[in-house]
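So the chains spell out like this:
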Amino acid sequence: MGIREPEVRRSTDGQIQHMRIVFGPHHFLELTHHEGEKVEFVLGYTHHGFRADASEVNGELERIIGEVRQAHPETLVD
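Residues numbered from 1 in each chain as written. Predicted model: local features only at pLDDT ≥ 70, side-chain atom pairs only at ≥ 80, totals over all residues. Heavy atoms only, no water.

### Some thoughts on the pattern of salt bridges
Consideration 1: Tallying each qualifying case throughout the model produces 4 salt bridges.
Consideration 2: Of the charged contacts, one joins Arg-51 and Glu-40 as a salt bridge, the two residues approaching to 3.2 Å between their closest N and O atoms. With Arg-51 in strand β5 (residues 48-53) and Glu-40 in strand β4 (residues 39-45), the pair connects residues that are 11 residues apart, well separated along the chain.
Consideration 3: Measuring nitrogen to oxygen at the nearest pair gives 3.1 Å for the salt bridge that ties Arg-69 to Asp-78.
Consideration 4: Under the relative-accessibility criterion, Asp-78 is labelled exposed at 86%. (Salt bridge = Lys/Arg side-chain N within 4 Å of Asp/Glu carboxyl O. Helix = DSSP H or I, 4+ residues; strand = E, 2+ residues; numbered from the N terminus. Buried < 20%, exposed > 50% of the residue type's maximum accessible area, 1.4 Å probe, protein only.)

### Focus on the environment of Thr-46
Consideration 1: Mapping Thr-46 onto the fold places it in the loop between β4 and β5.
Consideration 2: The residues contacting Thr-46, other than those within four sequence positions of it, are His-26 and Phe-28. (Contact = heavy atoms within 4.5 Å.)

### With respect to the packing of aromatic side chains
Consideration 1: All told, the structure shown has 1 aromatic pair when counted by the stated rule.
Consideration 2: Each ring, one from Phe-41 and one from Phe-50, has its centre 6.0 Å from the other, and the planes form 45°; the classification is tilted.
Consideration 3: The ring centre of Phe-28 lies 4.6 Å from the NZ or CZ of Arg-20, which sits over that ring. (Phe/Tyr/Trp six-rings, centres within 6.5 Å; stacked < 30°, edge-to-face > 60°. Lys NZ or Arg CZ within 6 Å of the ring centre and 35° of its normal.)

As structure tokens, then:
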């Protein structure tokens, strides 16, 4: 278990384009910087999970985090 298989891909100018981390028994986190300023967030386990746009304040990822916080107040981090 633990944190394993970290993967980082960079552009030719050294900017991070993609990160993937596998952790726990079978969970993963991915961040991908697409053309322009779009940042994609993916969280899951084995091959199940969800994808959200993380490019904007008050955007898709923030709305999802808000929904999870409301549904599971015992897990809040501030």
